[in-house]
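Coordinates in review
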Amino acid sequence: MKIALVLPRFGPHAGGVERYAWELAHGIARAGHEAHVVCHRGESDGTEGIRLREVPVVRWHNALKIASYARNADRLVTESASEFDVVHGFGRTTVHDLYRVGGGVHRAYLARMRAESPGGWLGLWQRVDPRNWVIDRIEDQVFRRGTGRRFTAISRLCARDVEEHYGIPAGEIEVIYNGVDVEAFHPRNRERSREPFRRRHNLRDDEVAFLFVGSGFHRKGLDTLIDALAELAGEAPVRLFVVGKGSEGAYRRQVRKRSLEEKVWFLGPRRDLADLYAMSDVFVLPTRYEPFGTVCLEAWATGLPVVVGRMSGASEVMTPGEHGAILEDHGSASELAGKLRPFLSASERARVAPLARDLACRHTIDANIARTIAIYGEIAQARGGKR
């Protein structure tokens, strides 16, 4: 089969959607099919069976960039329709056979962010921001007009959001949870790199290292985590490592106000995540909204307990007490501190480690790709080669 994967960016070191599409394209190629990636910016490692089909975009304004990519990608797919057996959309385009709800529903995201902002100013800004208008119009074409003939979602959270905002029954959307490479993220990484990385970051043997990974610090709850760390700092030697891209100013001020300058390290975007998981003791993502959170699977695969917000897809696959804990109120630092407190104990972390690893092994990237390719076959067979 020839599969068109349609998404703005493509590469192994971009965001979660882009990294997933990279893994999927390589899985398609390994299975003997062809992946044609319709993007405006992509990376290539020369793998046979993967072809980039780049389209131009208007770059000087984000709204125009999104709109021009949608227009040009849709045009390329339409004009080249006879070349593809299946067109798989990943968001912000409207012409496809299969649509993956992997970045959540934009209307749901905006509604949750408004709820966090007293006074209504954020709602006003959302209404006048042309970027939001463009994304909403694209999503409306996808969900209301049926241009995506079949839908998958990366969590029940995403499926419910589609149902709430666009009326498509959640039961008609197949949930395919994200997967993890359980060989790349493995407890044996701790044997190889834990001690060298802890020395590099000046971690004492008795310090408990919390790890936060994610861009968009506010949405992912970094403010709550810093306040929770302040509660725990007087009870045990703790350190927090913040990995990801975002505006750090407000959070550095929060750190200074809490007198945590020696306990919170901002590491920026990193490519050595497997080693950072190995260095760490507990993974924390107290998110306000996260469609899934593959970083949680990566942490579990390494054997770490995970404390994650309820409004995340990852919370759907875990059992509190066995794999970590779920934060019910993402704004409550005291609740978060209480969820983290048991994992100050090395024996408790050791108890959870094999359970966490087992959970990750039930959600592999290979299983995800196999099911997705099976859906391609179902779509191609149902169409009988006709588009």
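The structure reproduced in this document is the subject of the present report. (Residues numbered from 1 in each chain as written. Predicted model: local features only at pLDDT ≥ 70, side-chain atom pairs only at ≥ 80, totals over all residues. Heavy atoms only, no water.)

Turning our attention to the overall build of the protein chain. Secondary structure assignment for the protein chain yields 14 helices and 15 strands. Taken against the 2.2 N^0.38 rule, which gives 21 Å for 387 residues, the C-alpha radius of gyration of the protein chain at 21 Å falls within 12% of a compact globule. Taken over the C-alpha atoms alone, the protein chain extends approximately 65 × 50 × 40 Å along its principal axes. In the protein chain, which comprises 387 residues, the proportion classed as buried is 56%. Expressed as a percentage of contacts within the protein chain between residues at least 6 apart in sequence, the contacts between residues at least 24 apart total 68%. The distance from the centre of the 57 positive side-chain charges to the centre of the 50 negative ones in the protein chain is 4 Å. (Helix = DSSP H or I, 4+ residues; strand = E, 2+ residues; numbered from the N terminus. Rg over C-alpha atoms; globule rule 2.2 N^0.38 Å. Buried < 20%, exposed > 50% of the residue type's maximum accessible area, 1.4 Å probe, protein only. Contact = heavy atoms within 4.5 Å. Lys, Arg positive; Asp, Glu negative; His and termini not counted. Charge placed at Lys NZ, Arg CZ, Asp CG, Glu CD.)

Here we take up the pattern of salt bridges. Summed over all chains, the structure comprises 26 salt bridges. For glutamate 83, the salt bridge is made with arginine 53, and the minimal N-O distance between the two is 3.2 Å. Here arginine 53 lies in strand β5 (residues 50–54) and glutamate 83 lies in the loop between α2 (62–79) and β6 (86–89), a separation of 30 residues in the sequence. Assessed through its relative accessible area of 34%, glutamate 83 is described here as partly exposed. The partner of aspartate 136 in a salt bridge is arginine 107, with the nearest N and O atoms 2.4 Å apart. One end of the pair, aspartate 136, is in helix α5 (residues 130–144); the other, arginine 107, is in helix α3 (residues 106–115), and 29 residues separate them in sequence. Within the structure, one salt-bridge network assembled from shared partners comprises Arg150, Glu174, Arg371 and Glu378. (Salt bridge = Lys/Arg side-chain N within 4 Å of Asp/Glu carboxyl O.)

Read across the open sheet, the 6 strands follow the order β12-β11-β10-β13-β14-β15; overall the sheet is parallel. Across the chains shown, the open sheet's two edge strands, defined by having one partner strand only, are β12 (264–268) and β15 (324–327). Taken pair by pair, the neighbouring strands of this sheet meet at an average axis angle of 20°, ignoring direction. Two strands pair when backbone bridges link them, and strand β10 (residues 208–213) and strand β13 (residues 282–285) are joined in this way by 2 bridges, in the parallel orientation. Looking at β13, one finds that leucine 211 is bridged to phenylalanine 283. Against the sheet, helix α11 (residues 294–302) contacts β10, β13 and β14 (306–309), and its axis sits at roughly 170° relative to β13. (Pairing = 2+ DSSP bridges. Axes fitted to C-alpha atoms, helices over the stretch in contact; angles between N-to-C directions.)

Moving on, we get to α2. Helix length check: α2, at 18 residues, gives a terminal C-alpha distance of 26 Å against a target of 26 Å (1.5 Å per residue), a fit within 8%. Listing the buried residues of α2 in full gives Ala63, Ile66, Ser68, Tyr69, Ala70, Asn72, Ala73, Asp74, Leu76 and Val77. Along its buried surface, α2 packs onto β1 (2–6), β3 (34–39), β5, β6 and α5. (Expected span 1.5 Å × (residues − 1).)

Time to look at unusual backbone geometry. Positive phi, close to 55°, is recorded for asparagine 202, a residue that is not glycine. Residue placement: asparagine 202 occurs in the loop between α7 (188–200) and β10. Phi at serine 259 takes a positive value of approximately 55°, unusual for a residue other than glycine. With respect to the element layout, serine 259 can be found in the loop between α9 (249–257) and β12.

Moving on, we come to a nonpolar patch on the surface. Together, Val58, Trp60 and Leu64 line one region of the surface with nonpolar side chains, adding up to about 330 Å² of accessible area. Within the secondary structure layout, valine 58 lies in the loop between β5 and α2. Taking relative accessible area as the criterion, valine 58 reaches 32% and is therefore assigned partly exposed. (Patch = residues over 30% accessible without salt bridge, like charges linked within 9 Å, V, L, I, M, F, W, Y side chains within 5 Å. Areas by Shrake-Rupley, 256 points an atom, 1.4 Å probe, with all protein chains shown as cover.)

This part is about the state of the cysteines. This structure, assessed with the given rule, holds 0 disulfides. For cysteine 296, which is in no disulfide, the shortest distance to another cysteine sulfur is to cysteine 158 and amounts to 14 Å. Of all cysteine sulfurs in the structure, the one in cysteine 296 sits closest to cysteine 361, which takes part in no disulfide; the separation is 16 Å. Judged by its relative accessible area of 38%, cysteine 361 is partly exposed. (Disulfide = S-S within 2.5 Å.)

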